[in-house]
Amino acid sequence: MLLQRDEGRVEVVAEQAALAERFGLERLEDVFAREGEVRPEGIKSLVRIDAEGESLYVKRYEFRPARELLRGALKLNPPIYSGPRELHNLLAMAEAGLRVPTPIAAGEADAGGRRRSFVALRQLAGHPLSELPAPADPLARRALLNQLADLVGRLHRAGFWHRDLYACNVFVAPEGLGLLDCERVGRREGLPRRRWRIKDLAALDYSLEWPSERERLRVLYRYLAGDAPLSAWARAVRRKAERIAGHGKKGP
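Everything quoted here is computed from the prediction, not taken from an experiment. (Residues numbered from 1 in each chain as written. Predicted model: local features only at pLDDT ≥ 70, side-chain atom pairs only at ≥ 80, totals over all residues. Heavy atoms only, no water.)

Caption draft 1: Examining the environment of glutamate 209 more closely. Considering the arrangement of structural elements, one finds glutamate 209 in the loop between helix 6 (194-207) and helix 7 (213-224). Given the relative accessible area of 71%, glutamate 209 is considered exposed. (Helix = DSSP H or I, 4+ residues; strand = E, 2+ residues; numbered from the N terminus. Buried < 20%, exposed > 50% of the residue type's maximum accessible area, 1.4 Å probe, protein only.)

Caption draft 2: Broad picture of the sheet that holds strand 11 (residues 176-179). Taken in spatial order, the three strands of this open sheet run 8-10-11, and their pairing is antiparallel. Each having just a single partner strand, strand 8 (127-128) and strand 11 make up the two edges of the open sheet. Packing of helix 5 (residues 138-157) onto the sheet brings it into contact with strand 10 (170-173) and strand 11, and relative to strand 11 it is tilted by some 45°. (Pairing = 2+ DSSP bridges. Contact = heavy atoms within 4.5 Å. Axes fitted to C-alpha atoms, helices over the stretch in contact; angles between N-to-C directions.)

Caption draft 3: Fine view of a positive patch on the surface. On the surface, a cluster of positive charge is made up of Arg194, Arg235, Arg239 and Arg243. Element by element, the count of residues in the positive patch is highest for helix 8 (residues 230-246), at three residues. Locating arginine 194 in the fold gives a position in helix 6. Residue classification places arginine 194 among the partly exposed positions, given a relative accessible area of 44%. (Patch = residues over 30% accessible without salt bridge, like charges linked within 9 Å, V, L, I, M, F, W, Y side chains within 5 Å. Areas by Shrake-Rupley, 256 points an atom, 1.4 Å probe, with all protein chains shown as cover. Salt bridge = Lys/Arg side-chain N within 4 Å of Asp/Glu carboxyl O. Lys, Arg positive; Asp, Glu negative; His and termini not counted. Charge placed at Lys NZ, Arg CZ, Asp CG, Glu CD.)

Caption draft 4: Spatial organisation of the packing of helix 6 against helix 8. Where helix 6 meets helix 8, the axes come as close as 8 Å, and the angle between the chain directions of the two elements is 65°. Judged by the twist between their axes, the crossing of helix 6 over helix 8 is right-handed. The residues of helix 8 that touch helix 6, namely those facing Arg194, Arg197, Ile198, Lys199, Leu201, Ala202, Ala203, Asp205 and Tyr206, are Ala232, Trp233, Ala236, Val237, Arg238, Lys240, Ala241, Ile244 and Ala245. Here the contact of helix 6 with helix 8 is composed, by residue class, of twelve nonpolar, no polar and six charged. (Left-handed = near helix turned anticlockwise from the far one by under 90°. Nonpolar A, V, L, I, M, F, W, Y, C, P; charged D, E, K, R; others polar.)

Spelled out as structure tokens, the structure:
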């Protein structure tokens, strides 16, 4: 259940209402008054709030929609700057059994040709897959790659595709693998289209450096579960990964 705050400009997850009130997440002005780390492009900023033994993160966007619409028209896969969209994605993904950050609140409003948008999240336990070394133990190594294949399989079977499924957005924890940066996630009834599934698989193939070629094939084989020809998918994933590599380094 979502509660309306700030004259409908902010949505608060009912179960997180006390936390949102305590840390000033119910009004856009209060959220954007906080100091935070600003990304180089000047559109996105991040605020960390250490509270009651845990960390909360607020992702904020401030931009001109008309300009970003024009820039996005020149790209096949444009960025999306929407806190409310991420909140709704996270609620749907959690309901589907995927491990994602718990959303607290999100809001959005336009003024003077500019848009302000934010989402506040509880910290997701774990560490980015991109920052962890390859497991030294062969059994642990295989288990981690199996978990990765199963995670992508569950994501796609639930009808979602991530669109930024790089290793930096996969979090590893004892309770399992989780997903971050879900503002661009799409969903449809049934499996996502083949090209979006390949894009997700290729993003992982590109961004996770330590698996061998044999291990990469084993991950893909487990993901496909006999529902599609391995060789054709392996070629398609590799071609897409090479195109991603040609666009430069991906990640936060």
